[in-house]
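Chain by chain, the residues:
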Amino acid sequence: MLLDTHQRTHDYLRISLTDACNFRCFYCMPNEEIAVTPNSQLMSTEEILDIAKIFVALGVRKIRLTGGEPLVRKEVKEIMEGLSTLPIQLTMTSNGVLVHKHIDTFQQIGMKSINISLDTLHATKFLALTKRDQFQQVKNNIDLLLDRHFKVKINVVVMQGINEEEILDFVAWTKHIPIHIRFIEWMPFDQNKWSKEKVFSYQKILASVDQAYTYDKLDDKPHATTKKYKCHHHAGTFAVISTMTAPFCSSCNRLRLTADGKMKNCLFSTSETDILTPFRQGQNIIPYIQQNVKRKEAALGGQLGDDYTLLDTTLLENRSMIAIGG
Ligand code: SAM
Ligand code: SF4
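The present account deals with the structure reproduced in this document.

Thresholds, definitions, all that
Residues numbered from 1 in each chain as written. Chains lettered and ligands numbered in written order. Predicted model: local features only at pLDDT ≥ 70, side-chain atom pairs only at ≥ 80, totals over all residues. Heavy atoms only, no water. Helix = DSSP H or I, 4+ residues; strand = E, 2+ residues; numbered from the N terminus. Rg over C-alpha atoms; globule rule 2.2 N^0.38 Å. Buried < 20%, exposed > 50% of the residue type's maximum accessible area, 1.4 Å probe, protein only. Contact = heavy atoms within 4.5 Å. Lys, Arg positive; Asp, Glu negative; His and termini not counted. Charge placed at Lys NZ, Arg CZ, Asp CG, Glu CD. Salt bridge = Lys/Arg side-chain N within 4 Å of Asp/Glu carboxyl O. Core = buried A, V, L, I, M, F, W, Y, C linked by side-chain atoms within 4.5 Å. Axes fitted to C-alpha atoms, helices over the stretch in contact; angles between N-to-C directions. Parallel < 35°, antiparallel > 145°, perpendicular 65-115°, else oblique. Left-handed = near helix turned anticlockwise from the far one by under 90°. Nonpolar A, V, L, I, M, F, W, Y, C, P; charged D, E, K, R; others polar. Pairing = 2+ DSSP bridges. Expected span 1.5 Å × (residues − 1). Near = heavy atom within 4 Å. Polar contact = N/O pair within 3.5 Å; in protein donor to acceptor, adjacent residues only side chain to side chain. Areas by Shrake-Rupley, 256 points an atom, 1.4 Å probe, with all protein chains shown as cover. Right-handed = clockwise from strand over helix to strand, strands pointing away.

## As for the overall build of the protein
Piece 1. If you tally the helices and strands in the protein, you get ten helices and twelve strands.
Piece 2. Scaling as 2.2 N^0.38, a compact globule of 326 residues should have a C-alpha radius of gyration of about 20 Å, and the protein matches this with 19 Å.
Piece 3. Per-residue burial over the protein gives 56% buried out of 326 residues.
Piece 4. Within the protein, counting contacts between residues at least 6 apart in sequence, those at least 24 apart form 72% of the total.
Piece 5. Charge-centre separation for the protein: the mean point of 39 positive side chains lies 4 Å from the mean point of 36 negative side chains.

## Considering the pattern of salt bridges
Piece 1. Per the stated rule, a full pass over the model turns up ten salt bridges.
Piece 2. One salt bridge connects arginine 73 with glutamate 75, and the closest N-O pair in it is separated by 2.6 Å.
Piece 3. When its relative accessible area of 9% is taken as the criterion, arginine 73 is described as buried.
Piece 4. Where aspartate 260 meets lysine 262, a salt bridge forms, and the shortest distance between an N and an O atom there is 3.5 Å.
Piece 5. Each of Arg73, Lys74 and Glu75 takes part in a single network of salt bridges with overlapping partners.

## Examining the environment of asparagine 31
Piece 1. Relative to the helices and strands, asparagine 31 resides in the loop between β1 (12-16) and α1 (45-57).
Piece 2. Here the alpha-carbon distance between asparagine 31 and asparagine 192, two residues 161 residues apart in the chain, equals 8.4 Å.

## Let's talk about the nonpolar core
Piece 1. By size, the foremost hydrophobic cluster in this structure holds 100 residues, and its most contacted members are Phe55, Ile63, Phe106, Ile142, Ile154, Phe183 and Phe238.
Piece 2. Counting residues per element, this core draws most heavily on α1, which supplies six residues.
Piece 3. With residues up to four places along the chain from it excluded, the contact list for phenylalanine 106 reads Leu71, Met80, Met92, Val99, Met111, Ile114, Leu145 and Phe150.

## Digging into the packing of helix α2 (residues 76-83) against helix α3 (residues 99-108)
Piece 1. Interaxial distance between α2 and α3 falls to 10 Å at its minimum, and their mutual angle equals 15 degrees. It follows from the interaxial angle that α2 and α3 lie roughly parallel. Remark: the crossing between α2 and α3 carries right-handed chirality. Two secondary-structure elements touch here, α2 through Val76, Lys77, Met80 and Glu81 and α3 through His102, Thr105 and Phe106.
Piece 2. A per-class count over the contact of α2 with α3 returns three nonpolar, two polar and two charged.

## Topic: the sheet that holds β1
Piece 1. Strand order in this open sheet of twelve strands is β7-β8-β9-β6-β5-β4-β3-β2-β1-β10-β11-β12, and the pairing throughout is mixed. At either end of the open sheet lies a strand with only one pairing partner, and these are β7 (215-217) and β12 (273-274).
Piece 2. Sheet analysis places strand β11 (residues 262-264) next to β12, joined by two bridges and oriented antiparallel. Note on β12: the bridge partner recorded for lysine 262 is aspartate 274.
Piece 3. The sheet strands contacting α2 are β2 (62-66) and β3 (89-94), and the helix crosses β3 at an angle near 150 degrees.

## Description of α1
Piece 1. With 13 residues, α1 should reach 18 Å at 1.5 Å per residue; the first-to-last C-alpha distance of 19 Å fits that figure.
Piece 2. One or two steps after α1, the chain reaches glycine 59, where phi turns positive at roughly 115 degrees.

## Comments concerning the site of ligand 1
Piece 1. Taken together, 20 residues are adjacent to ligand 1, and Gly68, Ser117, Asn155, Met187 and Asn192 come closest.
Piece 2. A distance of 3.2 Å separates a nitrogen atom of ligand 1 from a polar atom in the side chain of glutamate 69.
Piece 3. For ligand 1, the accessible surface in isolation is 540 Å², of which the surrounding protein chains cover 95%.

## Overview of unusual backbone geometry
Piece 1. Phi at glutamine 7 takes a positive value of approximately 65 degrees, unusual for a residue other than glycine.
Piece 2. Along the polypeptide, glutamine 7 turns up in the segment before β1.
Piece 3. Residue glutamine 7 is classed as exposed on the basis of its relative accessible area, which comes to 59%.

## Section: the side chain of threonine 258
Piece 1. Inspection of the secondary structure puts threonine 258 in the loop between β10 (254-257) and β11.
Piece 2. Using a relative accessible area of 0% as the deciding quantity, one classes threonine 258 as buried.
Piece 3. At 2.4 Å, the side chain of threonine 258 and the side chain of aspartate 260 are in polar contact.

## Focus on the pairing of strand β5 (residues 151-158)
Piece 1. For β5, a buried count of seven out of eight residues is recorded, marking the element as mostly surrounded by other parts of the structure.
Piece 2. Note that β5 and strand β6 (residues 180-185) share six bridges and pair parallel. Each bridged residue has a counterpart across the sheet, and for lysine 153 the counterpart in β6 is histidine 180.
Piece 3. The parallel pair β5 and β6, bridged by helix α6 (residues 167-173), forms a crossover whose chirality is right-handed.

Below you can see the structure in the form of structure tokens.
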């Protein structure tokens, strides 16, 4: 069991398959020219599977594949097939643009649920946000997933002055379609152009929905990052991930593995533990994993205080989101 010093058990691992991406979302990455980690430094397919087995032996019961864009990883099919033989719930967060090429594999391995990121319902804004003219392909792939009865959650990073005016349109989508919208407060990472003025808070998100809908609070699962709601008579739900204004650290059960085999116990942790190098040397990596868990801070990696408006981002020590694996 992976227990930290704050009595939190960790049974959920997010594995980044690559720090490469076919999109260029401005809020996620430093700029167009970031260097992608060479293949030799990435965990190979076999290494991912062997390291995942060790985490499962230590109590991990859910694995989410992420990135960068996990579906650009050449060996993603073999990785999904291998991981699906483990006694875990396997899922993924993707930008959705390559889903049609992999949906048969998702079904064959028994994946039930997938998170797709989509920050706008307008093709022109999509192009401005991602630098890629792929809105329709992403939308078609969401429809394809729904047709094939996947549970689809949509991640929307809400940013003041960018897409907050679309909150009601996203909620309207849940009226007849069993889709689950997750509004995410924008978080600061290395060179991601974050500013406190552009954070659109949990309270403001609810106030926006209040303008047009009545809704009920739903029960949240014990380790949930989301605060879930359902509008009256809607088929789907909406939720808020309020990392900046109402974090959920006290019940956190998540660990992360970067594509180059470094373990992070929090998105905001200042330190990382190299798991891959000792693994390649044939060492037992369990003590490294356990030490990393024991070093987990009570909240937000010990870096972000209670009030995000006082945050000095020049003091933050972290990688970019695309390099951590969101
Ligand atoms: N490429 C995949 C995707 O976009 O879904 C997976 C990786 S991405 C880093 C994972 C999630 O992190 C996405 O939903 C993305 O919108 C979110 N994200 C990226 N940067 C963020 C930030 N600064 N604040 C909040 N969420 C962010
Ligand atoms: Fe790529 Fe996802 Fe980051 Fe967008 S949010 S740049 S799709 S990793």
